[in-house]
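These are the residues of each chain, in order.
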Amino acid sequence: MELYLGIDLGGSHISGWLLDRNGNTYNPFSKRGINGAKLTITELICSLTELIRDMQFTAQGYGCIIKAVGIASPGPLEPNHGIIISPPNLLHIRNLKVVKLLQERIGYKTFLINDADAAVLGEAWLGAAKDFKNAVMLTLGTGVGSGIIVNGRLARGQGMGGEWGHTTLFVPWEERDCSCGRLNCLESYLGTKGLQTTYRNLLKLEPPESGREALLVPTVMDKYCAHLVEGIVNIVNVHHPECIILGGGLVTSIMVEKVILQLKVYRDLKLGGLLNGLEVRSAVNPQAGIIGAAKHAINEVFS
Ligand SMILES: [Zn+2]
């Protein structure tokens, strides 16, 4: 049987898992630590090659072969050209032609995908959005990402689309700088640093380092959810999804409940047609990125 290897490249780890076309997983799950601040291109390629070779033995143990490899990486990247451009949490990885280098070393067809896109593919295949053909996943953590599924397919334009975190929010009398050079991007409200700015503005106190701890203050949580709901309504206006999935380290069940309540207020005002029936759910699969990377490889092989 042919298996597909999903790999998740993060700032502190590289993980891999084998799946077949039906979504069955083949253990062991592989996870190895890296130091994203120090990791060089040579070290990264060596680590990826070792992981793929280990998984090759795992596949052989099941009497299977690896058909293709999908790699989920933090952006920015050029998925169509297989290039990781400049992820902020991998400081020495710049303009890396990861697909070309790995294919030369190991010979498997290899495909690159943005980690937010991989997460939504994983949730749409085997997670919170598996009953929906149109879904958007919003990832709230240090950065803010999004992945969009339209009619069952990943929608990313020429390859780099879906940057919901860098669409802007109108907040009267306020200007927040974003790392992308614009003002008042959603990331500057919903990313960890943005949340800390909100905390500082509301309480006139230095915020805790942990975003989840900052969200324990009810007024901070309420303001954060108000910003989040504005961002959700923006993306609903553009894509009219059936389901919004909230994932990432800042998301809590209380946040999801508050967002659902606030969206009901919008629905009862003017946006009923767009918001009727909209499901808002927490992400359920902690390995959605790996699963989505494997699914991306499957989709590309059979496209
Ligand atoms: Zn921005």
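Residues numbered from 1 in each chain as written. Predicted model: local features only at pLDDT ≥ 70, side-chain atom pairs only at ≥ 80, totals over all residues. Heavy atoms only, no water.

- The name given to the protein chain in an unreviewed UniProt entry is ROK family protein.
- Note on the protein chain: under the UniProt heading Sequence similarities (unreviewed entry), the record states "Belongs to the ROK (NagC/XylR) family." (UniProt positions renumbered as here; feature names shortened; annotations may be inferred.)

1. Some remarks on the packing of aromatic side chains
Now for step 1: All told, the structure shown has 2 aromatic pairs when counted by the stated rule.
Now for step 2: Seen from their ring centres, Tyr26 and Tyr62 are 5.0 Å apart, and the 85° between their planes marks the pair as edge-to-face. Of the two residues, Tyr26 is situated in strand β3 (residues 25–33) and Tyr62 in the loop between α1 (41–61) and β4 (65–73); the sequence distance between them amounts to 36 residues.
Now for step 3: With relative accessibility at 11%, the residue Tyr26 sits in the buried group.
Now for step 4: The ring of Phe302 has Arg21 lying over it, and the distance from NZ or CZ to the ring centre is 3.7 Å. (Phe/Tyr/Trp six-rings, centres within 6.5 Å; stacked < 30°, edge-to-face > 60°. Helix = DSSP H or I, 4+ residues; strand = E, 2+ residues; numbered from the N terminus. Buried < 20%, exposed > 50% of the residue type's maximum accessible area, 1.4 Å probe, protein only. Lys NZ or Arg CZ within 6 Å of the ring centre and 35° of its normal.)

2. Topic: the coordination of the zinc ion
Any two of four tetrahedral donors ideally make an angle of 109.5 degrees at the metal, while pairs among six octahedral donors ideally make 90 or 180 degrees.
Now for step 1: Distances from the zinc ion to its protein donors, His166 (ND1), Cys178 (SG), Cys180 (SG) and Cys185 (SG), fall at 2.1 to 2.4 Å.
Now for step 2: Given 4 donor atoms and angles of 101 to 122° at the metal, the environment of the zinc ion is assigned as tetrahedral.
Now for step 3: Along the chain, the residues that donate to the zinc ion are spaced as H-x11-C-x1-C-x4-C. Linking His166 in the loop between β10 (153–154) and α4 (187–190) with Cys178 in the loop between β10 and α4, this pair joins segments that are 12 residues apart in sequence. (Donors = N, O, S within 2.8 Å, 3.2 Å for Na, K, Ca; no water. Tetrahedral: all angles 85-135°; square planar, octahedral: opposite > 155°, others 65-115°.)

3. Side note on the nonpolar core
Now for step 1: The biggest cluster of nonpolar side chains holds 36 residues, and the ones touching the most others in it are Leu140, Leu228, Ile244 and Met255.
Now for step 2: Residue assignment for this core shows that the elements contributing at least two residues are β8 (135–140), β9 (144–150), α4, α5 (192–203), α7 (218–239), β11 (243–247) and α8 (253–269).
Now for step 3: The contact partners of Leu140, leaving out residues within four places of it in the chain, are Trp164, Leu190, Tyr224, Leu228, Gly247, Gly248, Gly249, Leu250, Val251 and Met255. (Core = buried A, V, L, I, M, F, W, Y, C linked by side-chain atoms within 4.5 Å. Contact = heavy atoms within 4.5 Å.)

4. Describing empty space enclosed by the protein
Now for step 1: Enumeration over the complete set of coordinates arrives at 1 cavity of 30 Å³ or more.
Now for step 2: In this structure, the largest cavity encloses a volume near 40 Å³.
Now for step 3: For the lining of the largest cavity, the secondary structure elements donating two or more residues are β8 and β9.
Now for step 4: Considering every element that reaches the lining of the largest cavity, the biggest residue donor is β9, with 3 residues.
Now for step 5: Class assignment for the residues of the lining of the largest cavity results in 6 nonpolar, 2 polar and no charged. (1 Å grid on protein atoms, 1.4 Å probe; cavity = no way out; pocket = protein on both sides within 12 Å on 5 of 7 lines; lining within 4 Å. Points joined across faces, edges and corners; volume = space filled by probe spheres on them. Nonpolar A, V, L, I, M, F, W, Y, C, P; charged D, E, K, R; others polar.)

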